[in-house]
Amino acid sequence: MAETIRGKGVISGIAVGQVLLAGQNLDGYLAAYKPGTVDEEQAKANEAISAVTEVLLSTIDRLRKEEQTEQAAILEAHRMMVQDPMMAENIAAKIAATGSAPQGILDAANEQAQLFEQMEDEYFAARAVDLRDVGKRIAKYVLGVKEPEIGSSQVILVGEEIEPSVVAGMPTEQIAGVILGSGSATSHVVIIAKARAIPTVLGIGDKIDLIHDGDEVILDGSRGDIVIRPTEEERSLYETKIEEQKKLAAHYAALKDLPAVTKDGVRVELTANIGTHMDVDNALTYGAEGVGLFRSEFIFMGSTTIPTEEDQFKAYRAAVEKCGGNICVIRTMDIGGDKPLPYLNIDPEENPFLGYRALRISLDRHDLFLPQIKAILRAGLYGKAAMMVPMVISVSEIQRVQKLVEQAKVELAHEGKEYSDDVQVGIMVETPAAAVVSSLLAPYVDFFSIGTNDLIQYTLAVDRGNAQIAHLYNPFNPAVLRLIKRTIESAREAGIWVGMCGEMASDPYAAVLLLGMGISELSMSAPSIPRVKEMIRSVTMEQAKQLLDDVMKMEHGVDIRAYMHKTLEASDASAKI
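Starting afresh in each chain, residues are numbered from 1 along the sequence in its written order. Side-chain atom pairs in this predicted model are given and counted only at pLDDT of 80 or more, local residue features only at pLDDT of at least 70, and totals for whole chains, interfaces and linings cover all residues. Here the side-chain values reflect all heavy atoms present in the structure, with hydrogen atoms and water set aside.

Engineer: Could you clarify how one ought to interpret the sheet that holds strand β14 (residues 447-450) in this entry?
Structural biologist: Paired through backbone hydrogen bonds, the strands of a sheet run either parallel or antiparallel to each other. The pairing criterion is simple: DSSP has to find at least two bridges between the two strands. Only DSSP runs of H or I with at least four residues qualify as helices, and only runs of E with at least two residues qualify as strands; both kinds are numbered from the N terminus onward. Read around the closed barrel, the eight strands follow the order β9-β10-β11-β12-β13-β14-β15-β16; overall the barrel is parallel. For this sheet, the mean inter-axis angle between neighbouring strands, taken without regard to orientation, is 25°. As defined by bridge partners, strand β9 (residues 269-274) adjoins strand β10 (residues 291-295) across three bridges and the pair is classed as parallel. Its bridge partner lying in β10, Ala272 is registered against Val291. A fitted line through C-alpha atoms represents every axis, and for helices the fit uses only the stretch in contact; the resulting angles, taken between N-to-C directions, go from 0 to 180 degrees.

If you want it as structure tokens, here you go:
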């Protein structure tokens, strides 16, 4: 009998196939394992690290030859984790403590993964899966555990968590879909699946127990629906939907190289938000015109010590080069608050979102900030780099940043290192204070980028992670719209460009209002680019300004959202008649 459950659809598309349960449990293997001496166990771990490294290098080479650059980059990150000297030291310490190579390896990887899981930032918390994947691969080698046999037919991979290496190691044509019990939209499994256009649903929780190995399943990655053991009637219905999906995919693919320009010729730049330089390739496949937000924290969070200037320079340079002359906006370290780091020794805070974080740390810790500024200035030689500082609330902070930029240039000159003198310096407008005094801030910077995630949260006093009040978190709230409009007007009056890098930028209906306000650039998660581009290309500037005038007279955010949807959907429908 068929059964339908619903999760969160994160990659659109419909898939039909037999279930292959992924993610092997090693408890039985660990219980049966007989360890030798500590020296023998350490030798086994060293051998496993070398062997796994060789396998990864071979897979990376194959993926690169197949031009699957995004997946190759992810496994390259895994290779670096496997060969990380700090990981090796941690493994040795855990083996000494447990007397077991596989257990010590798993404990070491888990310890590092837990650091990432403590962060409320979804992107960085998702990296914990990668660390556990690496640990599991090395431990499985020591235990002699083989990968499950995969037949020749297409399968739908199902697991509470699925290691990125499992998906990356399988041919695309064999994976019809992916279902995760938990997971995150920014996990590397999802990124790999996205690069291959594999329909994916996550967050089904304990309902995953209803899906058994070998079951036939229909997966709808748009709605998040999963039909277990479908009937003939249900199969027929979804076959029709599959044909419709193919037509829509072809439609969006045709938009990739077209500009985001209104019917009357007003152009908006659409860029991508990324976490590492490895994300740029994926962004370009969706038509990104550069990077509007490079979250540099990942470089700091991926290390047990302060990253050197050289480490940062290599990462920034790679991203800037990949942008091919288009802008690459690198946000300076947004650490602290919900993203603590052990080596910074920051005391726990009752309210970290309003505490010692981001620019507040950078201005105190020149040992952190100056190497980052210098690395960004050096990367500017390889393309169009920009530096953006977060959590600004006053002119004095910008002035202090400018002095440090000049100091960085002097130090680079004395060190004989070349750097660009054309790196733009801007701020992230994400505090109500910055938005209110935006006219005072604008003359001191080259650009604004509005960070709506925090701006909305701070303006409305709503913790977006609190389920009880999540309904109050609304980007269309009149207070939020007025602050955004004020910020854009301040930028334009000062002759600087203004963008947006928060989630609001990925909403096609919000994009029309922002267009009416005079936004220059919108930066978003890469898959959102085609939808936003299509919306911008379907309207005129006159229409956008009229809609803006209408909603600025309205009193309720829910009414504004509904009005935008109704008006633009009606306009789109009439255009197709």
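Engineer: How should the environment of Arg537 be read in this particular structure?
Structural biologist: You can see Arg537 is positioned in helix α22 (residues 529-537). Separated by 278 residues in sequence, Arg537 and Pro259 have C-alpha atoms that sit 8.4 Å apart. We call two residues in contact when some of their heavy atoms are within 4.5 Å. Once you skip the residues sitting within four places of it in the chain, Arg537 turns out to touch Leu255, Leu258, Pro259, Ala260, Val261 and Lys263. Engagement of the side chain of Arg537 in a polar contact is seen with the backbone oxygen of Pro259, the distance being 2.9 Å. Counted as a polar contact is a pair of N or O atoms within 3.5 Å, where, for protein atoms, one must be capable of donating a hydrogen and the other of accepting one, and residues adjacent in sequence contribute only when both atoms are in side chains.

Engineer: Got a minute to help me understand helix α15 (residues 366-379) in this structure?
Structural biologist: Note on helix geometry: an α-helix contains 3.6 residues per turn, so any two residues three or four positions apart are oriented the same way. Taking 1.5 Å of rise per residue, the 14 residues of α15 would be expected to cover 20 Å, and the 19 Å separating its terminal C-alpha atoms lies within 8% of that figure. Three labels apply to residues, based on accessible area from a 1.4 Å probe with only protein chains included: buried if under 20% of the type maximum, exposed if over 50%, partly exposed otherwise in between. Counting buried positions over the 14 residues of α15 gives twelve, a clear majority of the element. Inspection of α15 places Leu368, Phe369, Leu370, Pro371, Gln372, Ile373, Lys374, Ala375, Ile376, Leu377, Arg378 and Ala379 among the buried residues, and these make up the whole buried set. In this analysis, the expected span of each helix is defined as 1.5 Å times one less than the number of residues it contains.

Engineer: How do you make sense of helix α21 (residues 508-517) when you look at a structure like this?
Structural biologist: Summarising burial for α21: ten of the ten residues are buried, a large majority. For α21, the complete set of buried residues consists of Pro508, Tyr509, Ala510, Ala511, Val512, Leu513, Leu514, Leu515, Gly516 and Met517. In this structure Asp507 caps α21, since a side-chain oxygen of it lies 2.8 Å from the backbone nitrogen of Tyr509. Gly518 lies just past α21 and shows a positive phi near 105°.

Engineer: It is not clear to me how the sheet that holds strand β1 (residues 3-6) should be interpreted in this structure. Could you clarify?
Structural biologist: Taken in spatial order, the eight strands of this open sheet run β1-β8-β7-β3-β4-β5-β6-β2, and their pairing is mixed. Unpaired on one side and paired on the other, β1 and β2 (8-11) mark the two borders of the sheet. With direction set aside, neighbouring strand axes in the sheet form an average angle of 30°. Relative to strand β6 (residues 200-202), strand β5 (residues 175-180) runs parallel, the two sharing three bridges. Each residue of the ladder has a partner; that of Ile179, found in β6, is Val201.

Engineer: Sorry if this is basic, but what is going on with the nonpolar core here?
Structural biologist: A general feature of soluble globular proteins is that nonpolar side chains tend to end up buried together. Nonpolar cores were defined as sets of buried Ala, Val, Leu, Ile, Met, Phe, Trp, Tyr and Cys residues, with membership established by side-chain atoms within 4.5 Å. Judged by nonpolar contacts, the single largest core of 99 residues is most densely connected at Phe448, Ile484, Leu522 and Met564. In this view, Met564 contacts Phe476, Tyr509, Val512, Leu513, Leu547 and Val551; residues no more than four positions away in its chain are not counted. Listed in part, the 55 residues of the second largest apolar core include Val10, Leu131, Val155 and Ile192.

Engineer: Any chance you could explain the packing of α21 against helix α23 (residues 541-551) here in plain terms?
Structural biologist: Between two packed helices, both the angle of their axes relative to each other and the distance between the axes serve to describe the pair. Between α21 and α23, whose axes approach to 8 Å, the crossing angle comes to 100°. Our classification of the angle between α21 and α23 gives roughly perpendicular. In this structure, α21 contributes Val512, Leu513, Leu515, Gly516 and Met517 to the contact, and α23 contributes Met541, Ala544, Lys545, Leu547, Leu548 and Val551. The class makeup of the residues in the contact of α21 with α23 is nine nonpolar, one polar and one charged. Should an angle fall under 35 degrees it is taken as roughly parallel, and over 145 as roughly antiparallel, whereas 65 to 115 is taken as roughly perpendicular and any remaining angle as oblique. The residue classification treats Ala, Val, Leu, Ile, Met, Phe, Trp, Tyr, Cys and Pro as nonpolar and Asp, Glu, Lys and Arg as charged. All others, Gly included, are polar.

Engineer: Where do I start with the UniProt feature "active site" (unreviewed entry) in the protein in this structure?
Structural biologist: UniProt positions are given in the numbering used here, feature names are shortened, and annotations may be inferred rather than shown by experiment. UniProt annotation of "active site" (unreviewed entry) refers to His188 and Cys501 when read in the numbering used here. Residue position: Cys501 is located in the loop between β15 (497-500) and α21. For Cys501, a relative accessible area of 4% puts it in the buried group. Apart from residues lying up to four places away in sequence, Cys501 is in contact with Asn273, Gly292, Leu293, Met388, Met428, Ser449, Ile450, Gly451 and Ser523.

Engineer: What exactly am I supposed to notice about the packing of helix α2 (residues 38-65) against helix α4 (residues 85-98) here?
Structural biologist: Interhelical geometry of α2 versus α4 gives an angle of 145° and a closest axis separation of 10 Å. In this structure, the crossing between α2 and α4 has a hand that is right-handed. Residues Val38, Glu41, Gln42, Ala45 and Ile49 of α2 form the contact with α4, whose own contacting residues are Ile91, Ala92, Ile95 and Ala96. Residues of the contact of α2 with α4, tallied by class, amount to seven nonpolar, one polar and one charged. Note: crossing handedness is left-handed where the near helix turns anticlockwise from the far helix by less than a right angle, and right-handed where it turns clockwise.

Engineer: Hey, could you run me through the environment of Val227 in this one?
Structural biologist: Among the secondary structure elements, Val227 is positioned in strand β8 (residues 225-228). A relative accessible area of 2% means that Val227 is categorised as buried. Each C-alpha atom, one on Val227 and one on Glu216, is 8.5 Å from the other, the two residues being eleven residues apart in sequence. Not counting chain neighbours up to four residues away, the residues in contact with Val227 comprise Ala2, Glu3, Thr4, Glu216, Val217, Ile218, Glu234 and Tyr238.

Engineer: Quick question: what am I supposed to make of the pattern of salt bridges here?
Structural biologist: Working definition: two side chains of opposite charge can pair if their charged atoms are close together. Just to be clear on terms, a salt bridge is a Lys or Arg side-chain nitrogen sitting within 4 Å of an Asp or Glu carboxyl oxygen. Taken as a whole, this structure holds 26 salt bridges when the rule is applied. Where Asp334 meets Arg357, a salt bridge forms, and the shortest distance between an N and an O atom there is 3.3 Å. Here Asp334 is found in the loop between β11 (327-331) and α14 (359-364), whereas its partner Arg357 is found in the loop between β11 and α14, with 23 residues between them in sequence. An identical accessibility class is assigned to Asp334 and Arg357; each is buried. Among the ionic pairs, Glu415 bridges to Lys417, the shortest N-O distance being 3.3 Å.

Engineer: What exactly am I supposed to notice about unusual backbone geometry here?
Structural biologist: Trans is the prevailing form of peptide bonds, just as negative phi is the prevailing case for residues other than glycine. Positive phi, normally seen in glycine, also occurs at Ala358, with a value near 50°. As for its placement among the helices and strands, Ala358 is situated in the loop between β11 and α14.

Engineer: It is not clear to me how the packing of aromatic side chains should be interpreted in this structure. Could you clarify?
Structural biologist: Two aromatic rings, taken as a pair, are described by how far apart their centres are and by the angle between their planes. Aromatic rings from Phe, Tyr and Trp, taking only the six-membered ring of Trp, are treated as a pair when their centres fall within 6.5 Å; an angle between ring planes under 30 degrees marks them as stacked, one over 60 as edge-to-face, and anything in between as tilted. Taken as a whole and assessed by the stated rule, the structure comprises three aromatic pairs. Where Phe313 meets Tyr382, the ring centres are 6.1 Å apart and the plane angle is 55°; that geometry is what we call tilted. Of this pair, Phe313 sits in helix α13 (residues 309-322) while Tyr382 sits in the loop between α15 and β12 (384-389), placing them 69 residues apart in sequence. Assessed through its relative accessible area of 7%, Phe313 is described here as buried. Measuring from ring centre to ring centre gives 4.6 Å for Phe447 and Trp497, while their planes differ by 10°; the resulting arrangement is stacked. Residue Phe447 is found in strand β14, and its partner Trp497 is found in strand β15; the two are separated by 50 residues along the sequence. Lysine NZ or arginine CZ positioned within 6 Å of the ring centre and within 35 degrees of the ring normal marks a charge as sitting over the ring. We note Lys241 situated over the ring of Tyr238; from NZ or CZ to the ring centre the distance is 4.6 Å. Positioned above the aromatic ring of Phe313, the side-chain terminus of Arg378 is 4.0 Å from the ring centre.

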